[in-house]
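# Coordinates in review
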Amino acid sequence: MKTASRYHPVLVALHWLLAALILAALAVGFFGLAAMPNADPGKIGVLRWHMAGGMLILALMFVRFGVRLLTARPAPANRLAPIVHYSFYVLVVLMVGTGFATALLAGLPDSVFAGSGAPLPKSFAAYPTWVAHFYVATLLIGFIVLHVLAALYHQFVQRNGLLQQIGFGRRSVPG
Ligand code: HEM
């Protein structure tokens, strides 16, 4: 695969959209859902946004992965970068998988999306898939911190203009 001076504009757009959506899903999870008792009547509405948003994230990650395979992109900035970048795809699949499995075990498709009126279970803590959802979310935050620190290091310490690669602008793909 040829290398390019920047990522394809579709990948740039999806990178920033997914960054916002993933941070929003984490914030809603840790500061919204985790802080709400399951007896709170408003929790089903928050779960609806969280679950739908999580599934949208997965769909967009698949699109991004496909476009990534088909387009020229910049060479990795260091040897760790490809590992961290591929880990994001794996972690998102695990987040959605564990969230989806928890939802199925707890009968959420009926109560959250079909308006069955059934109450939420007393707590999600009894489901091992929920415990995994929590730990994978914590790991995902660790990878996001590493990813942001590495980008800032390249941009401001090494001053190699790395952030331009994930921005819009003239893109050259040397033959
Ligand atoms: C990238 C996608 C996702 C992220 C980053 C994410 C993140 C989180 C976080 C941080 C929590 C709080 C954990 C805690 O209680 O400490 C949570 C809870 C939860 N998530 Fe997700 N999630 C994602 C996708 C999904 C999906 C697709 C579903 C279901 C279809 C789902 C279902 C749930 C459920 C049922 C809970 C438990 C609510 C509670 O803690 O009371 N999540 N999620």
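Before any of the text, the structure's been laid out above.
As a starting point, this report considers the structure included with it. (Residues numbered from 1 in each chain as written. Predicted model: local features only at pLDDT ≥ 70, side-chain atom pairs only at ≥ 80, totals over all residues. Heavy atoms only, no water.)

Take the overall build of the chain next. Each helix and strand in the chain was counted, giving five helices and zero strands. Sequence-ordered secondary structure for the chain, helices as α and strands as β, is α-α-α-α-α. When the backbone C-alpha atoms are referred to their principal axes, the chain occupies close to 60 × 30 × 25 Å. Within the span of the chain, comprising 175 residues, buried residues form 35% of the whole. Looking at the chain alone, contacts between residues at least 24 apart form 80% of all its contacts between residues at least 6 apart. (Helix = DSSP H or I, 4+ residues; strand = E, 2+ residues; numbered from the N terminus. Buried < 20%, exposed > 50% of the residue type's maximum accessible area, 1.4 Å probe, protein only. Contact = heavy atoms within 4.5 Å.)

The protein atoms donating to the iron atom of the ligand are His50 (NE2) and His133 (NE2), with metal-donor distances spanning 2.0 Å. For the iron atom of the ligand, the six donor atoms in the first shell make angles of 86 to 180 degrees at the metal, so the coordination geometry reads as octahedral. Remark: His133 occurs in helix H5 (residues 128-157) and His50 occurs in helix H2 (residues 43-70); sequence separation between them is 83 residues. Note on His50: relative accessible area 18%, which makes it buried. (Donors = N, O, S within 2.8 Å, 3.2 Å for Na, K, Ca; no water. Tetrahedral: all angles 85-135°; square planar, octahedral: opposite > 155°, others 65-115°.)

This part covers the side chain of Thr98. Inspection of the secondary structure assignment puts Thr98 in helix H3 (residues 81-105). Excluding its chain neighbours within four sequence positions, the residues that come into contact with Thr98 are Thr129, Ala132 and His133.

With that settled, consider the site of the ligand. Near the ligand there are 24 residues, and of these Lys43, His50, Trp130, His133 and Phe134 occur at the shortest range. Here Trp130 contributes a side-chain N or O atom positioned 3.1 Å from an oxygen atom of the ligand. Put simply, the parts of the chain that give the shell around the ligand at least two residues each are helix H1 (9-33), H2, H3 and H5. Here the shell around the ligand takes seven residues from H2, the largest share from any one element. Grouping the amino acids of the shell around the ligand by side-chain chemistry returns 17 nonpolar, six polar and one charged. (Near = heavy atom within 4 Å. Polar contact = N/O pair within 3.5 Å; in protein donor to acceptor, adjacent residues only side chain to side chain. Nonpolar A, V, L, I, M, F, W, Y, C, P; charged D, E, K, R; others polar.)

Here we come to the nonpolar core. It is characteristic of soluble globular proteins that their nonpolar side chains tend to be buried jointly. Ile22, Met61 and Leu140 are the most contacted members of the largest nonpolar core, which has 18 residues in total. Of all the secondary structure elements, the ones that give two or more residues to this core are H1, H2, H3 and H5. Leave out the neighbours within four places in its chain, and Met61 touches Leu18, Phe88, Tyr89 and Val92. (Core = buried A, V, L, I, M, F, W, Y, C linked by side-chain atoms within 4.5 Å.)

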